[in-house]
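# Commentary on secondary and tertiary structure
The lines below spell out each chain.
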There are 2 protein chains.
Amino acid sequence: MNSLLELGKRARAAARVLGCCSAGEKNRALELIAQALRREQEAVLAANALDLEAAQQAGMSASLQDRLRLTGPRMEGIAQAVEDLMRLEDPVGAVVGGGRRPNGLEIKKIRVPLGVVGMIYEARPNVTVDAACLCLKSGNACILRGGKEAIHANTALAELMRRALAAAGLPEDCIQLVQDTSRASANDLMTLEGYLDVLIPRGGKGLIQSVVKNATVPVIETGAGNCHIYVDASADLEMAVRVCDNAKTSRPSVCNAVETVLVHREIAPRFLPALKEALDRHQVQLRGCARTAALLPGVLPATAQDYATEFDDYILALRVVDSLEEAIEHIRTYTTGHSEAILTNDLANAQAFVDRIDAAAVYVNASTRFTDGGEFGFGAEIGISTQKLHARGPMGLPELCSWKYVVTGNGQIR
Amino acid sequence: MNSLLELGKRARAAARVLGCCSAGEKNRALELIAQALRREQEAVLAANALDLEAAQQAGMSASLQDRLRLTGPRMEGIAQAVEDLMRLEDPVGAVVGGGRRPNGLEIKKIRVPLGVVGMIYEARPNVTVDAACLCLKSGNACILRGGKEAIHANTALAELMRRALAAAGLPEDCIQLVQDTSRASANDLMTLEGYLDVLIPRGGKGLIQSVVKNATVPVIETGAGNCHIYVDASADLEMAVRVCDNAKTSRPSVCNAVETVLVHREIAPRFLPALKEALDRHQVQLRGCARTAALLPGVLPATAQDYATEFDDYILALRVVDSLEEAIEHIRTYTTGHSEAILTNDLANAQAFVDRIDAAAVYVNASTRFTDGGEFGFGAEIGISTQKLHARGPMGLPELCSWKYVVTGNGQIR
């Protein structure tokens, strides 16, 4: 805890300087970071090689090793993402509300940085740069606690960014990496009251749950996505197949991929065989209710546990429902509040679905895969919030900010 | 916990109905509540008399008894506040952002209710009606847990409101009062995960701290106000005395009252005696640093503990500082992030103070007492947030809401 407290104090001091920096000063630091990422690429890849070697010895799965791996092209992509950030509007200082009161007081609601942002994340070293630079652009100091699997690459990346900050004349403590990757250090970060204005966990269900249970600092929950598509009786058959196929197979491992398709009984006899034909090309395993099995012989039975599961894989649960009402009830039972879709040509059904489904993103006739900061036009995202306070859905630069009221008078009293 | 779980389930079901109600339906319920408050005034006052009798027997202080007491005029004030809410704009359904994406997707960011709001508060029964009606207007079901001192009046008020909801055709479980006023029931409410979308504690430091430590549901911290005024060397002397006097004495018990006045050494010899003269009329006890004592003989010495204390009373701490820098450092050390003011005629100093002080409301040449939903023009407030996530400063109806993204397409895939 002592070392984290020290990090917290340094972050607070750095945040006070950074919070008053102009967009130009922050962009200059981003520019130097992008340059350093290119210039020092070999050193970062060498550090990453140490991580990968340890991962192989520890028997890490091939797909996790792939997440951990940096390459020349990936490093270039990371550098370009930093340059993209330079072109985004600075969220800090925008006047987002206010006016003149009858007593002459002028009230301005001004966007300001949160202050110090904590991040706990897992094996992907690119998150180290993404998160740090999003925080930098939004005027926040950050304390990053990545996974132990990526500690060598993360350390190289953090040191490189800290040198770039110093070269830009900004406090290098705007970006700090927690070197201790034990579980204890994660718990200490969750309780660093007074030094963290928000903690954002990015990772699996276990990590998010641990943060929600143990944190005493403010938290934004991210990522859990048990997403549904309801295919209404009136849906366009060809479009419904295309959208469900896309939502499942374009990238099954991500949180906005669909996990359960609900089908109205009237369209099910035509839709389900057509969907199966499309999904068979990707070897998607189907698990369905009894009525699904009657239409798709040989399909595995779906349990309540299946409907509650975010597969993140080439597996799809199916259920035939009697009505929109039954679909809404199913979604209300199993939703994680991420992304839910209806495919329909019925205006009243579309409206009822939009009104009654409680999720960050509710879709009519589109793939759930669009829930993403880039797709929403935010330019960048630090995660997808599945909570309702502060930020919901993709979080861009404004969501990394708070506000203050600046009230100017000429001696008003109450 | 079992009974709270039952309340949580009922609140969730009620919130789903309420969330889809029109402004007209919600206003009709508010109208019936206001009517019932007038019609059933005698029954509420009789219930309140039972609370007051118990309070007297328990030796409650006169000022706390006054907070607990309902009277005819106070009941009329409560009813009028409910009618005022009817005239405020419905926050739900407003489109607060969005646009058309290059792929044709139409994205709308729409304000929606949070869902279920929990409130833990202390002895003032008027909060029961205020909080319930703010939640109702913003489309949220609420679970209210007031203090045991007010249980009779709170029960009468909650029952009256529930009957009015039923008469308006809305679920009466939109408003529920926790009958168990033990500490255990408060702790159970703090951990009612999945059923509370936010918990708002309103009360003393002990309550707020307990919620921050123990809650696993999202929380908005409210109310802690260790507020400062810095009197710059360039301040208008007469105005500075008037503002500091007002900020301390117009209502010392509230969170936006000033607790410490910092004075630049150049103006201190003229300002401090004039301030003392004004404050002596209200018998304000002064506690100052050594330089204050040199200028105001007989003043009590101020300790670090004094500077850290929210007196909420006719007590003011004073400190002479050498510079704006020293004033900012003092405030950064002791602020609770509520309301901070500078009195100055120096534009650069005003700007530096506004930029560098991190608080919900930062004032230039006005009393800190204006941090209030009514004074800010919000029409109503459920509390004053001293945290940075979701809501900062006075929280009105929009702050009791979240958002959802509604995305409409014609078969877009990614």
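Taking an unreviewed UniProt entry as the reference, chain A is identified by name as Gamma-glutamyl phosphate reductase belonging to Candidatus Anaerotruncus excrementipullorum. What UniProt records for chain A under Subcellular location (unreviewed entry) is the sentence "Cytoplasm".

Moving on to helix H10 (residues 237-249) of chain B. All names here are of chain B. Between its first and last C-alpha atoms H10 spans 18 Å; for 13 residues at 1.5 Å apiece the expected length is 18 Å, and the two agree. Most of H10 is tucked away: 10 of the 13 residues are buried. Three or more residues of H10 are buried, namely Met239, Ala240, Val241, Val243, Cys244, Asp245, Asn246, Ala247, Lys248 and Thr249. Backbone nitrogen of Glu238 and a side-chain oxygen of the N-cap are separated by 3.2 Å at the start of H10; the cap is Asp236.

Between its first and last C-alpha atoms helix H3 (residues 41-57) of chain B spans 24 Å; for 17 residues at 1.5 Å apiece the expected length is 24 Å, and the two agree. Trailing H3(B) by a residue or two, B:Gly59 shows a phi angle of about 75°, which is positive.

On to the sheet that holds strand E11 (residues 315-321) of chain A, then. The strand order across the open sheet built from 10 strands is E10(A)-E9(A)-E11(A)-E8(A)-E7(A)-E12(A)-E13(A)-E16(B)-E2(B)-E1(B), with neighbouring strands paired in mixed fashion. The outermost strands of the open sheet, each flanked by one partner alone, are strand E10 (300-301) of chain A together with strand E1 (95-100) of chain B. Here strand E13 (residues 361-366) of chain A pairs with strand E16 (residues 401-412) of chain B via 5 bridges, running parallel. Bridge assignment links A:Ala361 to a residue of E16(B), and that residue is B:Tyr405.

This part is about the environment of A:Glu25. Within the secondary structure layout, A:Glu25 lies in helix H2 (residues 23-39). Linking A:Glu25 and A:Leu68, residues 43 residues apart in sequence, is a C-alpha distance of 32 Å.

Moving on to the UniProt feature "domain: Aldehyde dehydrogenase" (unreviewed entry) in chain A. Residues and elements named next belong to chain A. Feature annotation in UniProt assigns "domain: Aldehyde dehydrogenase" (unreviewed entry) to the following positions: residues 9-284 and 316-377. Each end of residues 9-284 is marked by a C-alpha atom, and these two atoms are 50 Å apart; helix forms 51% of the span and strand 16%. Counted over residues 316-377, helix gives 34% and strand 27%. Its end C-alpha atoms are 29 Å apart.

Residues and elements named next belong to chain B. Pairing within the open sheet is parallel, and its 4 strands lie in the order E5-E4-E3-E6. Each having just a single partner strand, strand E5 (175-177) and strand E6 (198-202) make up the two edges of the open sheet. Direction aside, the axes of adjacent strands within the sheet are offset by 20° on average. For strand E4 (residues 141-145) and E5, the ladder comprises 3 bridges, and the chain directions are parallel. Bridge assignment links Leu144 to a residue of E5, and that residue is Leu177. Helix H8 (residues 183-190) rests against strand E3 (116-121), E4 and E6 of the sheet, and its axis sits at about 150° to E4. Contacts between helix H9 (residues 205-214) and the sheet are confined to E3 and E6, with E6 contributing the most and set at about 160° to the helix.

Attention now moves to the environment of B:Val407. If you trace the backbone, B:Val407 turns up in strand E16. With 267 residues separating them along the chain, B:Val407 and B:Asn140 place their C-alpha atoms 24 Å apart. Among all residues touching B:Val407, those that are not within four sequence positions of it are A:Val362, A:Tyr363, A:Val364, A:Phe376, B:Leu105, B:Glu106 and B:Ile107.

This paragraph deals with the relation of the copies chain B and chain A. Once chain B has been moved 0.0 Å along the axis and rotated by 180°, it coincides with chain A to within an RMSD of 0.0 Å. Both chain copies can therefore be described as sitting about a two-fold axis. Within chain B, the C-alpha atom positioned nearest to the axis of rotation is that of B:His390, 1.8 Å from it. The share of interface residues of chain B whose copies in chain A are also at the interface is 100%, consistent with both copies meeting through the same surface.

Pairing of side chains with opposite charge becomes possible as their charged atoms draw close. Enumeration according to the criterion identifies 60 salt bridges over all chains in this entry. For B:Arg38, the salt bridge goes to B:Glu76, with nearest N and O atoms at 2.8 Å. Placement of the pair is B:Arg38 in helix H2 (residues 23-39) and B:Glu76 in helix H5 (residues 72-87), with a sequence separation of 38 residues. We classify B:Arg38 as partly exposed; its relative accessible area is 33%. With its nearest N and O atoms 4.0 Å apart, the salt bridge here joins B:Asp66 to B:Arg69. Beyond isolated ion pairs, a larger network of salt bridges with shared partners links A:Arg12, A:Asp197, B:Asp358, B:Lys388 and B:Arg392.

The next subject is the packing of H2(A) against helix H7 (residues 151-167) of chain A. Residue and element names in this part refer to chain A. With their axes 8 Å apart at the nearest point, H2 and H7 run at an angle of 135° to one another. Between H2 and H7, the angle falls in the class oblique. When the axes of H2 and H7 are compared, the crossing they make is right-handed. Of H7, the residues touching H2 (which contributes Ala29, Leu32, Ile33, Ala36 and Leu37) are Leu157, Leu160, Met161, Ala164, Leu165 and Ala167. Tallied by class, residues from the contact of H2 with H7 come to 11 nonpolar, no polar and no charged.

Turning our attention to the packing of aromatic side chains. Centre-to-centre distance and the angle between the planes together describe a pair of aromatic rings. Summed over the entire model, instances satisfying the criterion amount to 8 aromatic pairs over all chains. Judged by centre distance (5.9 Å) and plane angle (90°), the rings of B:Phe376 and B:Phe378 are edge-to-face. Accessibility expressed as a relative area gives 24% for B:Phe378, which makes it partly exposed. Here a set of aromatic residues connected by ring pairs shows up, and it is made of A:Phe376, A:Phe378 and B:Tyr405.

With 69 residues of chain B in contact, the opposing surface of chain A contributes 69 residues. Buried surface at the junction of chain B and chain A, both sides included, amounts to about 5700 Å², of which 53% is carbon and sulfur. Of all residues in chain B, the largest losses of buried area upon contact with chain A belong to B:Leu389, B:Tyr405 and B:Arg414, amounting jointly to 15% of the total for that side. The interface formed by chain B and chain A includes 8 salt bridges. For B:Arg414, the salt bridge goes to A:Glu375, with nearest N and O atoms at 3.3 Å. Elements that contribute at least two residues to the side of chain B that touches chain A include exactly helix H1 (2-18), strand E2 (106-113), H9, H10, helix H15 (347-356), strand E13 (361-366), strand E15 (393-395) and E16 of chain B. Residue classes in the side of chain B that touches chain A are distributed as 32 nonpolar, 18 polar and 19 charged.

What counts as what
Residues numbered from 1 in each chain as written. Chains lettered and ligands numbered in written order. Predicted model: local features only at pLDDT ≥ 70, side-chain atom pairs only at ≥ 80, totals over all residues. Heavy atoms only, no water. UniProt positions renumbered as here; feature names shortened; annotations may be inferred. Helix = DSSP H or I, 4+ residues; strand = E, 2+ residues; numbered from the N terminus. Expected span 1.5 Å × (residues − 1). Buried < 20%, exposed > 50% of the residue type's maximum accessible area, 1.4 Å probe, protein only. Polar contact = N/O pair within 3.5 Å; in protein donor to acceptor, adjacent residues only side chain to side chain. Pairing = 2+ DSSP bridges. Axes fitted to C-alpha atoms, helices over the stretch in contact; angles between N-to-C directions. Contact = heavy atoms within 4.5 Å. Least-squares fit on C-alpha atoms with pLDDT ≥ 70 in both. Salt bridge = Lys/Arg side-chain N within 4 Å of Asp/Glu carboxyl O. Parallel < 35°, antiparallel > 145°, perpendicular 65-115°, else oblique. Left-handed = near helix turned anticlockwise from the far one by under 90°. Nonpolar A, V, L, I, M, F, W, Y, C, P; charged D, E, K, R; others polar. Phe/Tyr/Trp six-rings, centres within 6.5 Å; stacked < 30°, edge-to-face > 60°. Buried area = accessible area lost by both parts, 1.4 Å probe.

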